[in-house]
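Structural features, examined
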Amino acid sequence: MELQGAGVVITGAGHGIGAALARRFAAGGARVVVNDLDAGAAAAVAAEVGGLALPGDAASAEGVRALIDGALTHLGDIDLYCANAGVGGAPTLADEAGWELAWQVNVMAHVRAAEALLPRWLERGRGHFLATVSAAGLLTMLGAPSYAVTKHGALAFAEWLSATYGDRGITVQALCPQGVRTAMLDASGDAGKLLLEASALTPEEVADTVAAALDSGKILILPHPEVAGYYAARAADPDGWLGVMRHLQGKLDG
């Protein structure tokens, strides 16, 4: 897709990957709407990139509708919607509130955005949906059960969107990095340090990979190319792959 003049909405864009995407897309000539729960951070990034800050909850039905209505008023059309906001969620099986938050932000925010965007996109015959999923959606994430499960859900929804609407002009891509040097990685504890820290990329490196991949239209965007091999190994030998995961879990437990 052509970034020059494109109308772009990015959720969770006050920090991390979202902020880097806003800067990268604006540098390519896009007109950017910056969304984040942190209104001050959203305003700061929007001011930096010459965009519009529309802070709020991009997961709730009301918040998604307000964001898309406000973005349409400002941009005229939304060419690219980046469902980037995400949360780590529950670190344990018993944390019901954490599981519910992860479900709402990591999955239902994507569903609600697509529901609101699709009628207009289908009428004009084009639209681009970018879901920040994480390699956890292709593999898993030890020590973070709700994150692993809901990121699988986010990937499944992106695949469903592409299968259902890909021949009607809707491009769907899933961004699946491993470690990225953000606050979420800092909060991931021992599992994050063991599995992700050594190969972690900067948000700017991830944004550059995304910008380069938009024209391809390929469903998976892999800033860490080695993830493709891990994903293939998981599919070819799930028991062997789980054995490796249990070995790594043993290191964490030890």
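In this text the structure is predicted, and so the values were computed from the model without any measurement.

Topic: the overall build of the protein
Scanning the protein from N- to C-terminus turns up 10 helices and seven strands. Its C-alpha radius of gyration of 18 Å places the protein within 12% of the 18 Å reference for a compact globule of 254 residues. Reported as C-alpha extents along the three principal axes, the dimensions of the protein are approximately 55 × 40 × 35 Å. For the protein, with 254 residues in total, the buried portion stands at 47%. Here the contacts in the protein between residues at least 6 apart in sequence split such that 65% fall between residues at least 24 apart. Entry remark: accessible area of the protein is about 11,300 Å², with carbon and sulfur atoms responsible for 56%. When the 16 basic and 27 acidic side-chain charges of the protein are each reduced to a single mean position, those positions are 4 Å apart.

Looking at the pattern of salt bridges
Under the definition given, this model contains seven salt bridges. Notably, a salt bridge pairs Arg24 with Asp208, separated by 3.3 Å at the nearest N-O pair. Separated by 184 residues along the polypeptide, Arg24 in helix H1 (residues 16-27) and Asp208 in helix H8 (residues 203-213) bring together distant segments of the chain. With its nearest N and O atoms 3.2 Å apart, the salt bridge here joins Arg124 to Asp79. Remark: Asp79 occurs in the loop between helix H3 (61-75) and strand S4 (80-83) and Arg124 occurs in helix H4 (residues 96-124); sequence separation between them is 45 residues. Owing to a relative accessible area of 24%, Arg124 belongs among the partly exposed residues under this scheme. Look at Asp79 and you get buried, because its relative accessible area is 12%.

Section: H8
Inspection of H8 places Pro203, Val206, Ala207, Val210, Ala211 and Ala213 among the buried residues, and these make up the whole buried set. Around the axis of H8, the buried residues are gathered within 165° of arc, so they sit on the same side. Looking at the packing, one finds that the buried side of H8 touches H1, strand S5 (127-132), strand S6 (170-175) and strand S7 (220-221).

What to know about the side chain of Asp36
By the secondary structure assignment, Asp36 is in the loop between strand S2 (31-34) and helix H2 (39-49). Salt bridges are absent for the buried Asp36, whose nearest opposite-charge side chain, Arg23, sits at 11 Å. A polar contact of 2.8 Å, which involves the side chain of Asp36, links it to the backbone nitrogen of Gly14. Leaving out residues up to four positions away in the same chain, Asp36 has contacts with Gly12, Ala13, Gly14, His15, Ala42, Leu54, Pro55 and Gly56.

Concerning the pairing of strand S1 (residues 7-10)
On S1, burial covers both faces: Gly7 and Val9 on one face and Val8 and Ile10 on the other are all buried. Following the backbone out of S1, through H1 and into the adjacent parallel S2, one traces a crossover that is right-handed. Pairing geometry for S1 and S4, over three bridges, is parallel. Residue pairing in the sheet places Val9 in a bridge with Tyr81 of S4.

Some remarks on unusual backbone geometry
In this model, Ser134 sits at a positive phi of 100°, which is unusual for a non-glycine residue. Relative to the assigned elements, Ser134 resides in the loop between S5 and helix H5 (145-165).

Notes on empty space enclosed by the protein
A complete count under the given rule lists two cavities of 30 Å³ or more for this structure. Roughly 50 Å³ of internal volume is contained in the largest cavity. Around the largest cavity, the lining residues are Thr11, Ala58, Tyr81, Ala83, Asn84, Ala85, Val105, Ala109 and His110. At the level of elements, S4 and H4 are the ones that each hand at least two residues to the lining of the largest cavity. Ranked by residue count, the leading element in the lining of the largest cavity is H4, at three residues. Looking at the lining of the largest cavity residue by residue, the class counts come to six nonpolar, three polar and no charged. Taken together, Ala114, Leu117, Leu118, Trp121, Phe129, Leu161 and Ile170 make up the lining of the second largest cavity. Of the residues in the lining of the second largest cavity, the class split is seven nonpolar, no polar and no charged.

Observations concerning the nonpolar core
Within soluble globular proteins, side chains that are nonpolar tend to cluster in buried spots. Counting residues in hydrophobic clusters, the biggest one holds 38 residues, and the most contacted among them are Val9, Ile78, Tyr81, Leu117, Phe129 and Leu161. Sorting the residues of this core by element identifies H3, S4, H4, S5, H5, S6 and helix H10 (238-253) as the ones contributing at least two each. If we ignore the near neighbours within four places in the chain, the residues touching Leu117 are Ile68, Ile78, Tyr81 and Phe129. Formed by 31 residues, the second largest nonpolar core is a distinct cluster that contains Val8, Phe25, Val45 and Val49.

Definitions and limits used
Residues numbered from 1 in each chain as written. Predicted model: local features only at pLDDT ≥ 70, side-chain atom pairs only at ≥ 80, totals over all residues. Heavy atoms only, no water. Helix = DSSP H or I, 4+ residues; strand = E, 2+ residues; numbered from the N terminus. Rg over C-alpha atoms; globule rule 2.2 N^0.38 Å. Buried < 20%, exposed > 50% of the residue type's maximum accessible area, 1.4 Å probe, protein only. Contact = heavy atoms within 4.5 Å. Areas by Shrake-Rupley, 256 points an atom, 1.4 Å probe, with all protein chains shown as cover. Lys, Arg positive; Asp, Glu negative; His and termini not counted. Charge placed at Lys NZ, Arg CZ, Asp CG, Glu CD. Salt bridge = Lys/Arg side-chain N within 4 Å of Asp/Glu carboxyl O. Arc of directions from axis to C-beta. Polar contact = N/O pair within 3.5 Å; in protein donor to acceptor, adjacent residues only side chain to side chain. Right-handed = clockwise from strand over helix to strand, strands pointing away. Pairing = 2+ DSSP bridges. 1 Å grid on protein atoms, 1.4 Å probe; cavity = no way out; pocket = protein on both sides within 12 Å on 5 of 7 lines; lining within 4 Å. Points joined across faces, edges and corners; volume = space filled by probe spheres on them. Nonpolar A, V, L, I, M, F, W, Y, C, P; charged D, E, K, R; others polar. Core = buried A, V, L, I, M, F, W, Y, C linked by side-chain atoms within 4.5 Å.

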